[in-house]
Amino acid sequence: MVVCTRERPEMLRAALASLAAQSDRAFQVLVVEQGARAALDDPVVGGDLAVRVLADGGTGLSRARNLAWRSTEADWLVFLDDDCALEPDWIGTFRRVLASRRGCCMISGQVIPAGLARRGSLPCGVVRIRADRVRGGRWQRPLSLGGGSGVAIRRSMIAALGGWDERLGAGAARFPSAEDEDFNYRLLRAGGTAFTTPALRSHHLQWRSEREIAPVFGAYMTGRAGVASKHLRSGDPVGGTWLLALATLDCAKLVASVLRYRQRCRLRIGWFSLRGLVIGLTRGLRVAW
């Protein structure tokens, strides 16, 4: 179990508490901490969990994940963002799923928003899964495979892909998101398959205010356009064009939701998303990948 965090001690405590509450406790926890480490010196954080802390003076979620998988020999790694929590049967359910899906290299479930402020609010980091499904093939939507809000990945596949692209993701200067979309796309392109199931449930805390959430959606689109540009310029023009089309379609849906809900928050989200898409594409076509 890997939890990457940066100076968010209260959220980290909640994430670790969800691990301590697992009905199946046969796992180890690796916390990659960037920034101040004061929270990790607090015995309340780990409780009675077997927690190993890896301190990192660098920045970036992709960097933290790469440090994590390279520091362990475990066959499978479960990644959990520090603002997320697993339901108590997550690990036990994962083991049962794995027993019947050993050919897959990724297993993930649905991510449910926790703490939405009002009706019509737009949650971030949510994954909706209605039925069990094996997902494979190059043209599967990468984000349908899940991400850091509770996903298990076979270590051998992570190694084969070289881990996450550290130019992408939270903490990256130019493209502060979309590390999961890029990783999942490369996994699918390499012939890997994922199994998604509603039986695995995690919760993503919606802790940002309505004013804070719009720039987050803008960052999402900046990263996604950057990923599309990366593949456009790295010998995969068809795949890059397809990724850009997916990002553009999702951006259009966000803008269309402004008309449905007629909320100022949605208007800001639509504006930041459009702006992020343009910024990401412009940057992505200019930088050297």
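In the block above lies the structure referred to throughout.
Residues numbered from 1 in each chain as written. Predicted model: local features only at pLDDT ≥ 70, side-chain atom pairs only at ≥ 80, totals over all residues. Heavy atoms only, no water.

Engineer: Mind showing me how you'd approach the pattern of salt bridges here?
Structural biologist: Any two side chains of opposite charge can pair, on the condition that their charged atoms come close. The full count for this structure, using the stated rule, is 18 salt bridges. In this structure, Arg167 and Asp165 form a salt bridge, with 2.9 Å as the shortest nitrogen-oxygen distance. With a closest N to O distance of 3.1 Å, Glu181 and Arg224 form a salt bridge. Within this pair, whereas Glu181 is found in helix H6 (residues 179-189), its partner Arg224 is found in helix H7 (residues 210-232), the two being separated by 43 residues in sequence. One exposure class covers both Glu181 and Arg224, and it is buried. (Salt bridge = Lys/Arg side-chain N within 4 Å of Asp/Glu carboxyl O. Helix = DSSP H or I, 4+ residues; strand = E, 2+ residues; numbered from the N terminus. Buried < 20%, exposed > 50% of the residue type's maximum accessible area, 1.4 Å probe, protein only.)

Engineer: What should I look at first to understand H6 in this one?
Structural biologist: Each α-helix turn comprises 3.6 residues. Residues three or four places apart therefore point the same way. The element H6 is largely enclosed, with a buried count of ten among its eleven residues. Where H6 is concerned, the buried positions are Glu179, Asp180, Glu181, Asp182, Phe183, Asn184, Tyr185, Arg186, Leu187 and Leu188. Directly beyond the C-terminal end of H6, a positive phi value near 95° is found at Gly191.

Engineer: Is there a simple way to think about the packing of H7 against helix H8 (residues 237-261) in this case?
Structural biologist: At a minimum axis separation of 6 Å, H7 and H8 run at an interaxial angle of 160°. Classed by the angle they form, the pair H7 and H8 counts as roughly antiparallel. In this structure, H7 crosses over H8, and the sense of that crossing is left-handed. The segment H7 lies against H8, with Phe217, Met221, Arg224, Val227, Ala228, His231 and Leu232 engaging Pro237, Gly240, Thr241, Leu243, Leu244, Leu246, Ala247, Asp250, Cys251 and Leu254. Class assignment of the residues belonging to the contact of H7 with H8 gives a composition of twelve nonpolar, three polar and two charged. (Axes fitted to C-alpha atoms, helices over the stretch in contact; angles between N-to-C directions. Parallel < 35°, antiparallel > 145°, perpendicular 65-115°, else oblique. Left-handed = near helix turned anticlockwise from the far one by under 90°. Contact = heavy atoms within 4.5 Å. Nonpolar A, V, L, I, M, F, W, Y, C, P; charged D, E, K, R; others polar.)

Engineer: Even after reading the chapter, I still don't get the layout of surface pockets, so can you show me in this structure?
Structural biologist: The rolling of a water-molecule-sized probe over the atoms marks out the regions of remaining empty space. Each pocket or cavity is described by its volume, and for the second largest pocket that value is around 440 Å³. Lining the second largest pocket are 21 residues, with Met1, Phe27, Gln28, Ala74 and Trp76 sitting closest to its centre. Counting residues per element, the lining of the second largest pocket draws most heavily on helix H4 (residues 90-100), which supplies five residues. Broken down by class, the residue content of the lining of the second largest pocket amounts to 15 nonpolar, two polar and four charged. (1 Å grid on protein atoms, 1.4 Å probe; cavity = no way out; pocket = protein on both sides within 12 Å on 5 of 7 lines; lining within 4 Å. Points joined across faces, edges and corners; volume = space filled by probe spheres on them.)

Engineer: So what exactly am I meant to see when it comes to unusual backbone geometry here?
Structural biologist: Across the chain, the bulk of peptide bonds are trans and the bulk of non-glycine residues have phi less than zero. The backbone of Glu7 shows a phi angle near 55°, a positive value even though the residue is not glycine. Assignment of secondary structure puts Glu7 in the loop between strand E1 (2-6) and helix H1 (9-20). Even without glycine at this site, Ala178 takes up a positive phi of about 70°. Inspection of the secondary structure puts Ala178 in the loop between helix H5 (155-161) and H6.

Engineer: Please explain empty space enclosed by the protein as it appears in this structure.
Structural biologist: Enumeration according to the criterion identifies two cavities of 30 Å³ or more in this entry. Taken as a whole, the largest cavity encloses approximately 50 Å³ of empty space. Around the largest cavity, the lining residues are Arg65, Phe79, Met106, Gly146, Gly147, Gly148, Val151, Ile153, Trp164, Asp180, Phe183 and Asn184. Only strand E8 (149-154) and H6 provide two or more residues apiece to the lining of the largest cavity. Element by element, the count of residues in the lining of the largest cavity is highest for H6, at three residues. Considered class by class, the residues forming the lining of the largest cavity number six nonpolar, four polar and two charged. A volume near 30 Å³ is recorded for the second largest cavity.

Engineer: What is the right way to look at the packing of H8 against helix H9 (residues 264-286) in this model?
Structural biologist: Each pair of packed helices can be summarised by the angle the axes make with each other and by the distance between the axes. Where H8 meets H9, the closest approach of the two axes is 8 Å, and the angle between their N-to-C directions is 160°. Looking at the two axes, H8 sits roughly antiparallel to H9. The crossing of H8 and H9 is left-handed. On the side of H8, the interface is formed by Leu244, Ala247, Thr248, Cys251, Leu254, Val255, Ser257, Val258 and Tyr261, while H9 contributes Arg266, Leu267, Ile269, Gly270, Ser273, Leu274, Leu277 and Leu281. Residue composition of the contact of H8 with H9, grouped by class: twelve nonpolar, four polar and one charged.

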